[in-house]
Each structure stands twice: as C-alpha cells, then as structure tokens.
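An overview of the molecular structure
For reference, the chains in residue letters:
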Amino acid sequence: MKPTSIKPIDKPTDGADRTLDVLHFERDALRAIFAPKSVAVIGATEKTGAVGRTVLWNLISNPFGGTVYPVNKRHKQVLGIRAYADIARVPETIDLAIIVTPAPTVPGIVKECVAAGVKSAIIISAGFKEAGAAGVELALSMHHRLGDRAHVSLVTGGGAPLPSHPAAVQRRALRALKRRNVTVLEDSCAEITASQVVLSRGTRVACDAAVIALGAFAPPWLRNTGLALDERGFVATGPTLQSSSHPEVFAAGDVSTRTDEPHPKSGVYAVRAGAPLALNLRRFLAGGPLEPWQPQRRALNLLACGERYAIASWGGWSAQGAWVWRWKDRIDRDFIRLHSP
Ligand SMILES: Cc1cc2nc3c(=O)[nH]c(=O)nc-3n(C[C@H](O)[C@H](O)[C@H](O)COP(=O)(O)OP(=O)(O)OC[C@H]3O[C@@H](n4cnc5c(N)ncnc54)[C@H](O)[C@@H]3O)c2cc1C
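Residues numbered from 1 in each chain as written. Predicted model: local features only at pLDDT ≥ 70, side-chain atom pairs only at ≥ 80, totals over all residues.

**Describing the overall build of the protein chain**
Definition in use: Starting at the N terminus, helices and strands are each numbered in turn, a helix being any DSSP run of H or I of at least four residues and a strand any DSSP run of E of at least two. Neighbour density around each residue's C-beta defines its exposure: 20 or more other C-beta atoms within 10 Å make it buried, 12 or fewer make it exposed, and counts between make it partly exposed, where C-beta atoms are placed from the backbone. Here, residue contact means that the backbone-derived C-beta atoms of the two residues sit within 7 Å.
Helices and strands together make up the secondary structure of the protein chain, namely 8 helices and 16 strands. Counting the 341 residues in the protein chain, one finds 28% classified as buried. Considering only contacts within the protein chain whose residues lie at least 6 apart along the sequence, 51% involve residues at least 24 apart.

**Observations concerning the nonpolar core**
Definition in use: Only buried Ala, Val, Leu, Ile, Met, Phe, Trp, Tyr and Cys residues enter a nonpolar core, and they are joined through C-beta atoms within 7 Å.
Within the largest apolar cluster, 26 residues are counted, with the highest numbers of intra-cluster contacts made by A40, V41, I42, V71, I87, A97 and I98. Within the residue set of this core, elements represented by two or more residues are β1 (38-42), α2 (51-61), β2 (67-71), β5 (96-99) and α3 (106-115). In this structure I42 touches V71, I87, A97, I98, I99, V100, T101 and I109, once residues within four positions along its chain are discounted. Residues V136, A312, V324 and W325 belong to the second largest nonpolar core, which totals 23 residues.

**Details of the site of the ligand**
The test is simple: Near, for a residue, is defined by distance from a backbone-placed C-beta atom to a molecule or strand, with 6 Å as the limit that must not be exceeded. All residues other than Ala, Val, Leu, Ile, Met, Phe, Trp, Tyr, Cys, Pro, Asp, Glu, Lys and Arg, Gly among them, are scored as polar; the first ten of these are nonpolar and the last four charged. Residue ranges assigned to each domain were obtained from an automatic or database domain assignment.
For the ligand, the set of nearby residues contains 13 residues, the closest of which are A134, G253, S266, G267 and A270. Among the elements of the structure, α4 (133-146) and α6 (267-272) are those that each provide at least two residues to the shell around the ligand. When its residues are assigned to classes, the shell around the ligand shows 7 nonpolar, 3 polar and 3 charged. Domain assignment of the residues forming the shell around the ligand places at least three in each of domain 2 (133-215 + 300-339) and domain 3 (220-286).

**Quick word on unusual backbone geometry**
The residue N181 is not glycine, and still its phi comes out positive at about 65 degrees. Of note, N181 is situated in the loop between α5 (167-179) and β8 (183-185). We classify N181 as exposed; it has 11 C-beta atoms within 10 Å.

**A closer look at the sheet that holds β5**
Condition: Strand pairing follows a simple DSSP-based rule, namely that at least 2 bridges must link the two strands. The axes are straight lines fitted to the C-alpha atoms, using for helices just the contacting stretch, and the angles between their N-to-C directions are given from 0 to 180°.
Taken in spatial order, the 4 strands of this open sheet run β2-β1-β5-β6, and their pairing is parallel. Only two strands of the sheet have a single partner each, and these edge strands are β2 and β6 (120-123). Recorded for the sheet is a direction-independent mean angle of 20 degrees between the axes of neighbouring strands. By the bridge criterion, 4 bridges tie β1 to β5 in an arrangement that is parallel. By the bridge assignment for β5, I42 is matched with I99. Across the sheet, α2 lies against β1, β2 and β5, angled at about 160 degrees from β1, the strand it touches most.

As structure tokens, then:
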C-alpha cells in the first residue's frame, strides 16, 4: 500500500513553536481576518454617523500594514481614497471584506466576494430577522385598542427593536413602547403553546394571544418551480422585473428580489413596482422593448404608534408627533382612494 504523503508544514513566521502543534497546524485560516494585507470596506461612505464611515476611518487612521479599498456603487472616492463600484473591480485579491450594507444586499455581496476570491469576510449588518416595523406597530396598536385590559409584550428576535432603522428612530420607538407599557423582550421565540410563549433562553411568558410578525418569507413551493431564486428563496429578478431564469415570468413585490439592485421588502417598493410591471407585461405580450425599473434609493418610513401619534424617518432624519400621524393618515387615505374602484 502506498503510504500517505506527509505535507510539509509552512515555515512559521510568528515564532510559534510548531513542536507543540499536536493538531498538525498547516495554515492559519484566520490570518486573512487578523493580519490582512488587503481589506475592502463594502458600503464605505462619507455619511456622518454611518457604520461604513466609522469602519473606513478607523482602518485608515490606524495603519495595519495593508491596503484599504472602499467599495461604493455611487462614489468614485470615499474619504479621499479611490473607491470601486463593486468587489470585482478592486485591482488586488482581497484578504478581508468588511460588509457594512443593509441585510437584503448581503447575500448578493457575499456571492460577489466568493466569485472575486475574497479570503474572509466580516458582516456588520442588521435586519435579518429581528423585530421590524410591523411588530412594533402591531404591539403599539394592540395596546392602543386594548388599553389596560391586556398586557402587551414585544419579542424582538434578539437585539433591540428596529435594528435596520437609524439609531434615533430606535430610541424614539423604544420610548414609545415604554410609555405605553409594552414589555420589550430581547430574545427570540422558540415555541408558542395555548397559554405561553417560550423564549430561546427558557423564559416562559404567559400569553392568551400571540401575533407573529416575522417579515416576508418566500413560499416554499417556489423551490419546485425551477425559477432562479435568491439565497432566501425569493424569485430572482432583474431591472425589467423578469425572472432571471425565465424571461416569460415576471415577479414584483415581497415575493421577489432585484438581484441587481436589492431593496427592502416593503409596501412602498411593492406598490411602486406595480406600474412598471403592468407596462412590461403589456410590452412583452406585444413584442415591444421592455423598460428597466429603477427603485428609489430611500423610502419615507412612517411608524404608527397606536393613538394619533407617529414616528417619521427619511435616511438619517427623524421626527415624531401628532402631525406625523396626520401626515401618515392623509398618505394612507389618498392611497386607498387612488386604488379603490
Ligand atoms: C402590520 C404591517 C404594517 C406594515 N406597514 C407598512 C408600511 O407602513 N409601509 C410599507 O411600505 N410597508 C408596510 N408593510 C409591508 C407591506 O404590507 C408589504 O411589503 C406589502 O404588502 C407587499 O406587497 P405584495 O403585493 O408584494 O404582497 P402582499 O401584500 O403580501 O400580497 C400578496 C398576495 O398574494 C396572495 N397569495 C399568496 N399566495 C398565493 C398563491 N399561492 N396564489 C395566489 N395568491 C397568493 C396573498 O393572499 C396576498 O393577497 C407592513 C406590513 C405589516 C404586516
């Protein structure tokens, strides 16, 4: 029998005594994270207070012996350093990618990193499964409707509520929840029984009625359709809202993901996709050229707080009050009127 070959161990460069290496250490896989020679900050920005700025600033103001590459789709430079539109354009193989973009964009970016040969990645993002706007709104609305006849608790899924909203909005929402006596439980739900909600850390919360608001999930049957899906099972589409694999299939709204330009799954985007979807369906049937749809970069968020009070945010700006509720109410009513027969 041919003896198995013994691979020589890399010559240690850090002075470590390899004779103590009983696990037969060959290559330090974590070197790319802890001693990178090239780092890409994907989502680097100049915006004050943004994580993408803080991470880039910390890297360039604490030299670590490597090169930093900002990656930003819209800007040619960030904090005076040349930026690249995506990881594929960075002129060097990257040891470490630090991804600081919103959760919906992360799976696509990770894929690009793999394709570009990036050796390791750190993801600093939020909004994967935690209590979102719907959960907060429902908790506040239920308290408003039931008053002191019921006690409302909000199970967040882990951290603080609204992790993908700006910090100021999170603080406003927390204050609103506290003022209305809603108990915030920073844990995830493991089980719901007839009389209790059981949390991951074992806490049992007495509960007569549980309301689940987990955000959009892809219908499982999509997996059997042969359509190209994104990492979470939503229909992958391009700018014309056609399926990436089947151009005769169109998808818009929460069930789909624009893989070229991911955006949050919310009513704002679902509604705005309606007109371009209708146009492209007609053109497709008539054999005409299809129009690409450019989703807006930001959306106005209006969070109802139960009584006639709401919290508004647009990018980093936020405000709250009865006037915000009246604003939201007018927008909602106009929308219903516009789409009523
Ligand atoms: C409490 C709450 C508050 C929200 N507030 C806001 C807000 O203020 N702003 C905002 O932008 N977004 C908000 N959203 C999110 C918003 O409602 C959704 O993003 C939006 O409804 C998505 O629209 P859609 O048409 O893609 O899907 P949906 O509105 O979910 O419509 C999908 C439809 O498909 C039907 N369907 C499902 N399966 C099948 C099938 N197999 N065959 C046929 N039909 C099927 C469903 O019955 C449903 O009618 C909120 C969500 C919740 C839960």
